[in-house]
Amino acid sequence: MRLLVPDQVLGSVLDIDFEYLKEKNLLGLLVDIDNTLVRWEKSSIDPKFVQWVGEAKDEGFRVCLVSNALEKRVQFFAELLHIPAVARAWKPSQRAFLRGIHKLEMDKEQIAVVGDQLFTDVFGGNRLGLYTILINPLSSQELKTTKFMRKLEKRMIERMVRQGFLDPTAIQIRNGEE
Ligand SMILES: [Mg+2]
């Protein structure tokens, strides 16, 4: 189970504390697209997330998209945000994260993975020993398989809290209560 425990649980990428990450020398961000920056199946990104990517860059972070989505969709957002990307990542496969790290030209120790799914983003990142940040999905509209995974995700997070791996506030954040 330890491989499923995120280092941080937050409501949205907008809640990421850049200063805190900088203190930890985490200056490379591998960011998921669907339901992390863009609502699932939507083709436009909320300007506040475009701005967030800009702020991250201004703060000295290097950002790369790592998404299981198809090349065309991923490239569209990569060009819009002017950042590199890895498409068809097959997360939690480690290869995609390694490609992302390579594109950022950084060390593993400098990387934080940001995504909305425990079993792809967090598990994949943790397998490589990367810092992981779980955020809430932007939309509850998802694939059936993902909806099923959400139920497991919820149970896992509750278990992590019970066993002391996660702060109890994680449950409230996940439920959108905080
Ligand atoms: Mg996602």
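Scroll up a little and you will see the structure.
**Q** How do you make sense of the overall build of the protein when you look at a structure like this?
**A** Helix and strand counts for the protein come out as seven helices and six strands. Secondary structure elements of the protein occur, N-terminal to C-terminal, as β-α-β-α-β-α-β-α-β-α-β-α-α. Against the 2.2 N^0.38 benchmark of 16 Å for 178 residues, the protein shows a C-alpha radius of gyration of 15 Å, consistent with a compact globule. When its C-alpha atoms are laid out on the principal axes, the protein stretches across 40 × 35 × 30 Å. Buried positions account for 50% of the 178 residues belonging to the protein. Contacts in the protein between residues at least 24 apart in sequence constitute 66% of all its contacts with a sequence separation of at least 6. As displayed, the protein has an accessible area near 9,300 Å², and 50% of this comes from carbon and sulfur atoms. Charged side chains in the protein number 26 positive and 25 negative. The centres of these two groups are separated by 9 Å.

**Q** Is there a simple way to explain helix α5 (residues 118-127) in this structure?
**A** Helical geometry note: an α-helix holds 3.6 residues per turn, so side chains three or four residues apart project in the same direction. α5 sits mainly inside the fold: eight of its ten residues count as buried. Among the residues of α5, those classed as buried are L118, F119, T120, D121, V122, G124, G125 and N126. In this structure, the buried residues of α5 make contact with α4 (94-104), β5 (111-115), β6 (131-135) and α6 (144-162). Residue G129 follows α5 closely and has a positive phi angle near 75 degrees.

**Q** For this particular structure, what's the right way to read the environment of D58?
**A** As for its position among the elements, D58 is in helix α2 (residues 47-58). Judged by relative accessible area, which is 70%, D58 ranks as exposed. For the pair D58 and Y131, spaced 73 residues apart in sequence, the C-alpha to C-alpha distance is 21 Å.

**Q** Can you walk me through helix α3 (residues 71-81) in this structure?
**A** Restricting attention to buried positions, one finds in α3 the residues V74, F77, A78 and L81. Buried residues of α3 fall within an arc of 105 degrees about the axis and therefore sit on the same side. Facing away from the buried side of α3 by more than 90 degrees, the exposed set consists of K72 and E79. A positive phi of about 55 degrees marks H82, the residue just after α3.

**Q** Would you explain the coordination of the magnesium ion in this entry?
**A** Protein-derived coordination of the magnesium ion comes from D32 (OD), D34 (O) and D116 (OD), at a distance range of 2.1 to 2.2 Å. Donor residues for the magnesium ion, ordered by position in the chain, follow D-x1-D-x81-D. Highlighted residues: D34 in the loop between β2 (28-31) and α2 and D116 in the loop between β5 and α5, separated in sequence by 82 residues. Of the two residues, D34 and D116, neither departs from the other in class, the shared state being buried.

**Q** Is there a simple way to think about the sheet that holds strand β4 (residues 85-86) in this case?
**A** One open sheet accounts for six strands, arranged β1-β6-β5-β2-β3-β4; its pairing is parallel. In this open sheet, the two strands that pair with only one neighbour each are β1 (8-10) and β4. Judged from the four bridges that link them, β2 and strand β3 (residues 62-66) form a sheet pairing that is parallel. Looking at the pairing, G28 lines up with R62 of β3.

What counts and how
- Residues numbered from 1 in each chain as written.
- Predicted model: local features only at pLDDT ≥ 70, side-chain atom pairs only at ≥ 80, totals over all residues.
- Heavy atoms only, no water.
- Helix = DSSP H or I, 4+ residues; strand = E, 2+ residues; numbered from the N terminus.
- Rg over C-alpha atoms; globule rule 2.2 N^0.38 Å.
- Buried < 20%, exposed > 50% of the residue type's maximum accessible area, 1.4 Å probe, protein only.
- Contact = heavy atoms within 4.5 Å.
- Areas by Shrake-Rupley, 256 points an atom, 1.4 Å probe, with all protein chains shown as cover.
- Lys, Arg positive; Asp, Glu negative; His and termini not counted.
- Charge placed at Lys NZ, Arg CZ, Asp CG, Glu CD.
- Arc of directions from axis to C-beta.
- Donors = N, O, S within 2.8 Å, 3.2 Å for Na, K, Ca; no water.
- Pairing = 2+ DSSP bridges.

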